[in-house]
Amino acid sequence: MAAFSFTLTPPLSKPSPSSISWTLFSLSSPTPLHFPTKPLRKTLVVFSSLNAKPTILVAEKLGSAGIELLKTFANVDCSYDMTTEDLCAKISLCDALIVRSGTKVTRQVFESSAGRLKVVGRAGVGIDNVDLAAATEHGCLVVNAPTANTIAAAEHGIALLTAMARNIALASPAVKAGKWQRSKYVGVSLVGKTLVLMGFGKVGSEVARRAKGLGMHVIAYDPYAPADRARAIGVELVSLDEAFLTADFLSLHMPLTANTSKILNDYAFSKMKKGVRIINVARGGVIDEEALLRALNSGIVAQAALDVFTEEPPPKDNMLVLHENVIVTPHLGASTFEAQEGVAIEIAEAVVGALKGELAATAVNAPMVPAEVLAELAPFVLLAEKLGRLAVQLVAGGGGVQSVRITYASARGPDDLDTRLLRAMITKGLIEPISSVFVNLVNADFTAKQRGLKIAEERIVLDGSPEKPLEFIQLQLANVESKFAGALSDLGAIKVQGMVKEGLPHLTMVGSFGVDVSLEGSLILCKQVDQPGIIGKVGSILGEGNVNVNFMSVGRIAPQKQAVMTIGVDEEPDTETLRKIGEIKAIEEFVFLKL
């Protein structure tokens, strides 16, 4: 059986939401066959193994249970302590690569793989040592092991917290040296103190539970954490400034990203009360180490306990490491026997599953999708995201979207339609325009659940030919207010419906009004009294505003009654142009929507 990689490849610059480039590769032929259509923004990877076993390169030590699991499916090459040159030389012979935090999987590595590398497994949580953009561009899936070492990392955070508070790391060598200095090593109590958690994910939540057991008051800063989960643990979510101002102890539990890099800097320390104590078991780069050293020397920070550093191992003359008020460990957050074996099994299962073509539950950049499913649903994937983006922009404030109903109409039987991609893309369309969260095809269900978004799916079986997987997709948002009343159904839900025509997504219904407009560029929806001349007036105003109309459709209840005009535009109208449209007497309401 031949092995193929079927890739939806994004361009290097930010793409139009409606562009797809398909490339089909065969391992027996180095020449890609291109099927250009309109491009999509994600990369979807599929791998079907050859009759020969795939090869998995393990670049850092992995628990024996994980190695044994890998060997049941693949040829395993355990090569440790490789240089970047060694890795690049070997990677073109490998289908998968497993690393921990010490190996940098750079763009050079992906380029050197010559397209063979299909999966990178990160044995742990953080993926800052993997170039995700390069992985996606080269059609390589990245998976991690986010759960197995959670408890170990949380326990190490608590261990550093208590050791620092009671000066254990300093007192122990002093006693061993024959010094009995009880007054010198008087500590501070934890009971009643405020612990600020910077990051409230899996590890942060477990630290919170343990700290509350020690009698601490726990608050957290995390712009993405759901308030109901924090309340369930008894933790208050606060702003960044409030976190800095109130902390007696501050513990970091966030990934290293462009937004979190050096989040503890001179400004942050200037906001903190004198005598604050810092714990870091996350990533070294989230602290500006020079700023921390200055804060320690000035007395703003009384003590710091660090398990991670910007450069690992740190230089021997690192002044922060040598500081008398700093205790350090060599990146031991996940270093328990139980966690090491758990991580090894978790990442081995993820990598093997990915190579088998299964949807990867821990995929970081894209899921594994069967090529035949992807090829058939590709135009509907774009429609699904567009409907989600359109619907959420019709919501007017309030408590946000909580209840979503998706209806798929098809001539096929219920078991013949895989809707995972479509559901995920609708979720992406609903969440991304109103948050900073990146939603991919794997984390969509989890992200929706975190935000209390309940998604119900139903299928309508139509008479007709089952050649096409879908006739239309309908999306309803219940229990929300709409900024455009014309989008409400008879039951009071925001309702939009669309279908694919000639390979392009079209909007076919808004509320109870039938329309027909291509979902390209942006939209203007106008609810109006149906009378002659309205289309001309709106078109003239848009023309005067130098806005190009690419599509227009009018749906009405009956002649001379209410109607909804849907206008596709290539440019965003300025405020004055929109004001003029709103001043047309026959127009009762209108809304501009960016897709």
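The rules behind the values
- Residues numbered from 1 in each chain as written.
- Predicted model: local features only at pLDDT ≥ 70, side-chain atom pairs only at ≥ 80, totals over all residues.
- Heavy atoms only, no water.
- Helix = DSSP H or I, 4+ residues; strand = E, 2+ residues; numbered from the N terminus.
- Buried < 20%, exposed > 50% of the residue type's maximum accessible area, 1.4 Å probe, protein only.
- Contact = heavy atoms within 4.5 Å.
- Areas by Shrake-Rupley, 256 points an atom, 1.4 Å probe, with all protein chains shown as cover.
- Salt bridge = Lys/Arg side-chain N within 4 Å of Asp/Glu carboxyl O.
- Pairing = 2+ DSSP bridges.
- Axes fitted to C-alpha atoms, helices over the stretch in contact; angles between N-to-C directions.

S.K.: What's the story with the overall build of the protein in this structure? I'm lost.
M.R.: Each helix and strand in the protein was counted, giving 18 helices and 25 strands. Expressed as a percentage of its 595 residues, the buried residues of the protein come to 52%. Nonlocal contacts in the protein, meaning residues at least 24 apart in sequence, comprise 65% of its contacts between residues at least 6 apart. As presented, the protein carries roughly 26400 Å² of accessible surface, and 54% of it is formed by carbon and sulfur atoms.

S.K.: What exactly am I supposed to notice about the pattern of salt bridges here?
M.R.: Close approach of charged atoms allows side chains with opposite charge to pair. A complete count under the given rule lists 18 salt bridges for this structure. The residue Arg209 makes a salt bridge to Glu206 at a minimum N-O spacing of 3.1 Å. Within this pair, Arg209 and its partner Glu206 are both found in helix H7 (residues 202–213), separated by 3 residues, close to a single helical turn. Residue classification places Glu206 among the buried positions, given a relative accessible area of 17%. We note a salt bridge from Lys273 to Asp248, for which the minimum N-O separation is 2.9 Å.

S.K.: Would you mind showing me how to read the sheet that holds strand S17 (residues 454–461) here?
M.R.: Two strands in a sheet stick together by hydrogen bonds in their backbones, pointing the same way (parallel) or opposite ways (antiparallel). Taken in spatial order, the 6 strands of this open sheet run S17-S16-S18-S19-S20-S21, and their pairing is mixed. With one partner strand each, in any of the chains shown, S17 and strand S21 (513–518) form the two edges of the open sheet. Strand-to-strand twist in this sheet, taken as the mean axis angle between neighbours without regard to direction, amounts to 20 degrees. In the packing of helix H15 (residues 420–431) onto the sheet, contacts are made with strand S16 (403–410), S17 and strand S18 (472–478), and the angle to S16 comes to roughly 140 degrees.

S.K.: What am I meant to see in the sheet that holds strand S24 (residues 562–569) here?
M.R.: The strand order S23-S24-S22-S25 describes an open sheet built from 4 strands, whose pairing is antiparallel. Here the strands that pair on one side only, and so sit at the sheet edges, are strand S23 (549–556) and strand S25 (587–594). Neighbour-to-neighbour, the strand axes of this sheet turn through a mean angle of 15 degrees, independent of strand direction. Strand direction decides the pairing type here: strand S22 (residues 522–529) and S25, joined by 7 bridges, are antiparallel. When the bridges of S25 are listed, Cys526 appears paired with Phe590. Its contacts with the sheet place helix H17 (residues 534–544) against S22, S23, S24 and S25, and it is angled at close to 30 degrees to S24.

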